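Each chain, written out:
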Amino acid sequence: METGNSVEPDVKMVVIDGIVMGPTHCAYEDCSVKLANAHTGVFCLRHESQHEGLCRMKDCYNCHEPNSKTCLNHRQNWFNHITQFGRQSVLGIEGLLEEVNNQPHDVLAGHAQESDNYFVAPRFYCVETLCAPCGVVIAWTKFAKSEGASQIMDFLEDIYPTPESRPSYVCIDKACVVLKHLIRSRNWNMWKATTRVGDYLCHTYCNPSPLNGSAPNLVVVERDINDNPHYKRAFNTQACKQLNAWLGGFQGILNRMSVDNFNWTTHALLYIHTQRYMSYLQI
């Protein structure tokens, strides 16, 4: 598309979103390493050796009693636990995992409810996917506790470490939160080229459909049934949500896997999905 005497090049857009699912990981604070025992364990190999034989209440270093996970002082905590969630039955454990890991999507970093014990291994909060607007998967990762702005920016910086590698647009449903984080963390100058700041309203700041010719492959002209021309967005901002809806069909199986099996299977599923999309698009 020509603007004045120049021809504007095509621009690149990516879409990012998450789906609440994931395997269990070490219960120790700020540790997301895989479990030493994926079936009944709650710690990684390192923290399992540190807490072996100790009470499972946090900040308690007494030895646990026989046939219990706590010391005598915290016996009531363990009794309440097995009473509420069942005596280690399959149904009890499944209900416990759902209860412990049940938190609404888009919880901000640091707002997840903390437990006062190590009775159950926590679950990774979500799988975050990055797609092209056509639906082709570019990258994915797991977030341990929340889908916060800092985790999102760390993910993007891993994929796009230099300004030259970054897309012109990053489409995300919590753009205002991420924008605020960038300004507060003083990383605004590094990422401002991926926003549309320059006007006074958010719908202008984050507008992925400029009509000034600066994004010729994002806005096209089509004609209605009366042959009247009109502008149309030539991209899909719901690409990740559609992908995650498909991936969510495997959630019941994936959530029961160890971290290694989860990673391999998820990567294989996304690879198959991408190959099918590329075949459909004839890329």
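Residues numbered from 1 in each chain as written. Predicted model: local features only at pLDDT ≥ 70, side-chain atom pairs only at ≥ 80, totals over all residues. Heavy atoms only, no water.

Chemist: Got a sec to walk through the environment of H74? Specific residues and values, please.
Modeler: By the element assignment, H74 lies in the loop between α1 (45–51) and α2 (75–85). Residue H74 is classed as partly exposed on the basis of its relative accessible area, which comes to 22%. For the pair H74 and H64, spaced 10 residues apart in sequence, the C-alpha separation works out to 9.1 Å. Once residues within four sequence positions are removed from consideration, H74 is found in contact with C55, M57 and C60. (Helix = DSSP H or I, 4+ residues; strand = E, 2+ residues; numbered from the N terminus. Buried < 20%, exposed > 50% of the residue type's maximum accessible area, 1.4 Å probe, protein only. Contact = heavy atoms within 4.5 Å.)

Chemist: With reference to specific residues and values, describe the packing of helix α8 (residues 239–247) against helix α10 (residues 259–281).
Modeler: As a packed pair, α8 and α10 sit with axes 11 Å apart at the nearest point and diverge in direction by 125°. It follows from the interaxial angle that α8 and α10 lie oblique. Where α8 crosses over α10, the handedness of that crossing is right-handed. Here α8 contributes L243, W246 and L247 to the contact with α10, which in turn contributes L269, L270 and H273. (Axes fitted to C-alpha atoms, helices over the stretch in contact; angles between N-to-C directions. Parallel < 35°, antiparallel > 145°, perpendicular 65-115°, else oblique. Left-handed = near helix turned anticlockwise from the far one by under 90°.)

Chemist: Can you tell me about the confidence of the model for the protein chain, naming the residues and giving the values?
Modeler: Of all residues in the protein chain, 73% attain a pLDDT of 70 or more, and the chain-wide mean is 79. Mean pLDDT per element in the protein chain: strand β1 (residues 2–3) is the minimum at 40, and strand β5 (residues 137–143) is the maximum at 94. Every residue in residues 107–112 is under pLDDT 50, and counting partners more than four places away or in other chains gives 12 contacts. Ignoring residues within four places in sequence, the model shows residues 197–201, a span with pLDDT below 50, making 6 contacts including any to other chains. (pLDDT = per-residue confidence, 0-100.)

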